[in-house]
Amino acid sequence: MKKIRVAVLYGGRSGEHEVALRSAASVINHLDRSKFEIIPIGIDKNGKWHLADPALLQSQTVSLPIYRNLPEVVLPSNPGTTETGVVALGVGGSAAAFDVVFPVMHGTNGEDGTVQGLLELAEVAYVGCGVLASAVGMDKDVAKRLIAAEGLPVVPSFVIRKGEWAAQKKNLKNLFAMRAEMDFGYPCFVKPANSGSSVGVHKVKSAADFEPAVEDALRFDTKVLVEKGIAAREIELSVLENPVYGEPPLVSVAGEINPTHEFYSYEAKYLDENGMTMKIPADITKDQLAYAQDIARRAFAALECEGLARVDLFLDKGDGKIYFNEVNTLPGFTSISMYPKMWEASGLSYGELLTKLIELGLARKERRAALVRDFTQK
């Protein structure tokens, strides 16, 4: 049987570039070589795409390099370009053609709908959520508003936009800081609305810390989320689109993150090898698990997710109430990342999971190809 050609897209212009290199190494090493032919494409921090030689990556089990001396990739484009040093990837005909793209890119310019929009315009199949769910899932503020409209519990919050913050700083009293203190008290959390891996997130313990935290968060996004701080356990669930089209999404067992730092920061996730421990399955009751899975399933549907997502929840240590925190439409994919580990604990191996995700991406492409794109009156 002819192998499916999978273009693994990794890296990208994002604060999570290095995380994506690690995820991509794991994805490439776990793809079933009997079913798939792999075309690695690395995107450097300047946004240039580079076609990699799979043979050069075979020994890279932890993190993938991006070789800048290899041909630059142009997508979308017409196959057969004669420009020196440029490879044009297209669908069909071309020697460099592929059947499906597997984006392994976290954060901005990869997980936020931008790459998904490019792939939609190029009319190629790809793994994961579409443009809408990717963009909404990346924006913590918009996602929380939609989840609240669905009737699911969210932690109280408000937003600060960069222009509003600049105008407010001219006043003697910072009304945003006053609002945070009056509405939430301290500690509260300040985080960029559009970022991942806890980049730019601060636990603010006093009024004096508020302004520096907002200033730093605004380095990563033009909108900042200010959120009430609660003493909570961090519960996560993996969600997978049902292979039977129209049936409810599948939800894994729950996992729990226990950071050894004050909260689950970027340092705890990636820089300190002892920064956290994970427990799969999470130590919660059957009723709590059923409720958490229901939230995850409903959140996946409410945000129009496809393919996959990891839904993160807060479980209040005081009253046991469960809140929606955020959705990750392209979660970490290393062999020790929560998304594949929770599916392994639910009976689905890493390799089988990757195969299902590729099959889901191809099936969606077929459904969309059948849609009418022009109107002719019968």
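In the block above lies the structure referred to throughout.
Quick notes on the rules
Residue numbers restart at each chain and count upward from 1, following the sequence in its written direction. Reporting of local features is limited, given that this is a predicted model, to residues whose pLDDT is at least 70; pairs of side-chain atoms are given and counted only at 80 or more, and all residues count toward the totals for whole chains, interfaces and linings. With hydrogens and water set aside, each side-chain value is computed from the structure's full complement of heavy atoms. Every definition here rests on a 1 Å grid over the protein atoms only: cavities are sets of points where a 1.4 Å probe fits but cannot get out, pockets are open sets enclosed by protein on both sides within 12 Å along at least five of seven lines, and lining residues have some atom within 4 Å of a point. Grid points are joined across faces, edges and corners, and a volume is the space filled by probe spheres set on the points. Secondary structure elements are taken from DSSP: a helix is a run of H or I of four residues or more, a strand is a run of E of two residues or more, and numbering for both begins at the N terminus. Any residue outside Ala, Val, Leu, Ile, Met, Phe, Trp, Tyr, Cys, Pro, Asp, Glu, Lys and Arg is labelled polar, Gly included; the first ten of those are nonpolar and the last four are charged. A simple rule labels every residue: compare its accessible area, found with a 1.4 Å probe on the protein chains alone, to the largest value its type can have, and call it buried under 20%, exposed over 50%, or partly exposed in between. The sign given to each residue is positive for Lys and Arg and negative for Asp and Glu; His and the chain ends receive no count. The term salt bridge refers to a pairing of a side-chain nitrogen on Lys or Arg with a carboxyl oxygen on Asp or Glu at a separation within 4 Å. Pairs of N or O atoms within 3.5 Å make up the polar contacts considered here, provided that, within protein, one atom can donate a hydrogen while the other can accept it, and that residues adjacent in sequence are counted only when both atoms are side-chain atoms. When checking whether two residues touch, look at their non-hydrogen atoms; a contact exists if any pair is within 4.5 Å. A pair of strands is treated as paired once DSSP finds two or more bridges between them. For every element, the axis is a line fit to its C-alpha atoms; helices are fit only across the contacting stretch, and the angle between N-to-C directions ranges from 0 to 180 degrees. Residues form patches when they are more than 30% accessible in relative terms and have no salt bridge. Like charges link within 9 Å. Nonpolar side chains (Val, Leu, Ile, Met, Phe, Trp, Tyr) link within 5 Å. Only the protein chains shown count as cover for residues, with accessible areas throughout obtained via the Shrake-Rupley method and a probe of 1.4 Å. Residues grouped as a nonpolar core are buried Ala, Val, Leu, Ile, Met, Phe, Trp, Tyr and Cys residues, joined through side-chain atoms within 4.5 Å. Any angle that is under 35 degrees is reported as roughly parallel, and any over 145 degrees as roughly antiparallel; angles of 65 to 115 degrees are reported as roughly perpendicular and all others as oblique.

(A) Representation of empty space enclosed by the protein. Summed over all chains, the structure comprises two cavities of 30 Å³ or more. Size it by volume and the largest cavity reaches roughly 90 Å³. Elements with a minimum of two residues in the lining of the largest cavity: α4 (131–138) and β16 (322–328). Here the lining of the largest cavity is built from residues that sort into two nonpolar, six polar and three charged. Considered as a void within the structure, the second largest cavity measures approximately 30 Å³ in volume. Around the second largest cavity sit Phe 102, Pro 103, Val 104, Met 105, His 106, Leu 330, Pro 331 and Phe 333, which together line it.

(B) Focus on the side chain of Asp 112. By the secondary structure assignment, Asp 112 is in the loop between β6 (100–104) and α3 (114–122). In this structure Asp 112 is buried but unpaired, with Arg 13 as the nearest side chain of opposite charge at 11 Å. A distance of 3.0 Å separates the side chain of Asp 112 from the backbone nitrogen of Asn 109, its partner in a polar contact. Engagement of the side chain of Asp 112 in a polar contact is seen with the side chain of Thr 114, the distance being 2.7 Å. If sequence neighbours within four positions are ignored, Asp 112 has contacts with Gly 107, Ser 134, Ala 135 and Met 138.

(C) Representation of the sheet that holds strand β13 (residues 250–259) in the model. Spatially, five strands are ordered β14-β13-β12-β15-β16 in an open sheet, and the strand pairing comes out antiparallel. The sheet is open, and its two edges are formed by β14 (276–279) and β16, each paired on a single side. The mean inter-strand angle of the sheet, taken between neighbouring strand axes irrespective of direction, is 30 degrees.

(D) Here's a closer look at a nonpolar patch on the surface. A cluster of nonpolar residues, Leu 175, Met 178 and Met 182, forms a patch on the protein surface that exposes about 330 Å² of accessible area. With respect to the secondary-structure elements, Met 182 resides in helix α7 (residues 175–183).

(E) A look at the layout of surface pockets. Volume-wise, the second largest pocket comes out at about 430 Å³. Together, 21 residues line the second largest pocket, and Glu 241, Tyr 245, Glu 304, Cys 305 and Glu 306 are the ones closest to its centre. Counting only elements with at least two residues in the lining of the second largest pocket, the list comes to α4, α10 (286–302) and α12 (350–369). The class makeup of the residues in the lining of the second largest pocket is ten nonpolar, three polar and eight charged.

(F) Structural context of the sheet that holds strand β10 (residues 202–204). Reading across from one edge, β8-β11-β9-β10 is the order of the four strands in this open sheet, with antiparallel pairing throughout. A single partner strand is all that each edge strand has here, and the edge strands are β8 (157–161) and β10. In this sheet, adjacent strand axes meet at a mean angle of 25 degrees when their direction is disregarded. Most of the contacts of helix α5 (residues 140–149) go to strand β11 (residues 223–228), to which it runs at about 50 degrees, and overall it touches β8, β9 (188–192) and β11.

(G) Just the environment of Lys 205, in detail. Topologically, Lys 205 is positioned in the loop between β10 and α8 (207–217). Using a relative accessible area of 47% as the deciding quantity, one classes Lys 205 as partly exposed. Sequence separation between Lys 205 and Pro 187 is 18 residues; the distance between their C-alpha atoms is 4.3 Å.

(H) Quick look at the nonpolar core. Phe 102 and Phe 333 are the most contacted members of the largest nonpolar core, which has 31 residues in total. Those elements giving two or more residues to this core turn out to be β1 (4–11), α1 (17–30), β2 (36–43), β6, α11 (338–345) and α12. No other element matches the six residues that α12 contributes to this core. Each residue touching Phe 333, except ones within four places of it in the same chain, is listed here: Ser 23, Ser 26, Val 27, His 106, Leu 308, Tyr 339, Tyr 350, Leu 353, Leu 354 and Leu 357. Among the nonpolar cores identified, the runner-up in size contains 27 residues, and Cys 129, Leu 237, Ala 292 and Leu 303 belong to it.

(I) Representation of the environment of Arg 368 within the structure. As for its position among the elements, Arg 368 is in helix α12. Arg 368 sits in the partly exposed class, given a relative accessible area of 26%. In this structure the C-alpha to C-alpha distance between Arg 368 and Glu 123, which are 245 residues apart in sequence, comes to 9.4 Å. Not counting residues within four places of it along the chain, the set of residues in contact with Arg 368 comprises Glu 120, Tyr 126, Glu 306 and Arg 373.

(J) Region of interest: the packing of α1 against α12. Where α1 meets α12, the axes come as close as 9 Å, and the angle between the chain directions of the two elements is 95 degrees. As judged from the angle between their axes, α1 and α12 are roughly perpendicular. Between α1 and α12, the contacting residues are Ser 26, Val 27 and His 30 on the first element and Tyr 350, Gly 351 and Leu 354 on the second. When the residues that make up the contact of α1 with α12 are grouped by side-chain class, the tally is three nonpolar, three polar and no charged.

(K) View of the pattern of salt bridges. Overall, the coordinates contain 20 salt bridges when judged by the stated rule. A salt bridge links Asp 141 to Lys 223; its shortest N-O distance comes to 3.0 Å. Of the two residues, Asp 141 sits in helix α5 while Lys 223 sits in strand β11, which places them 82 residues apart along the sequence. You can call Asp 141 buried: its relative accessible area is 8%. Taking relative accessible area as the criterion, Lys 223 reaches 10% and is therefore assigned buried. Glu 150 serves as the salt-bridge partner of Arg 298, at 3.6 Å between the closest nitrogen and oxygen. Remark: Glu 150 occurs in the loop between α5 and β8 and Arg 298 occurs in helix α10; sequence separation between them is 148 residues. The partly exposed category is assigned to Arg 298, whose relative accessible area is 30%. Here the salt bridges do not stand alone but share partners, grouping Glu 120, Glu 306, Arg 364 and Arg 368 into one network.

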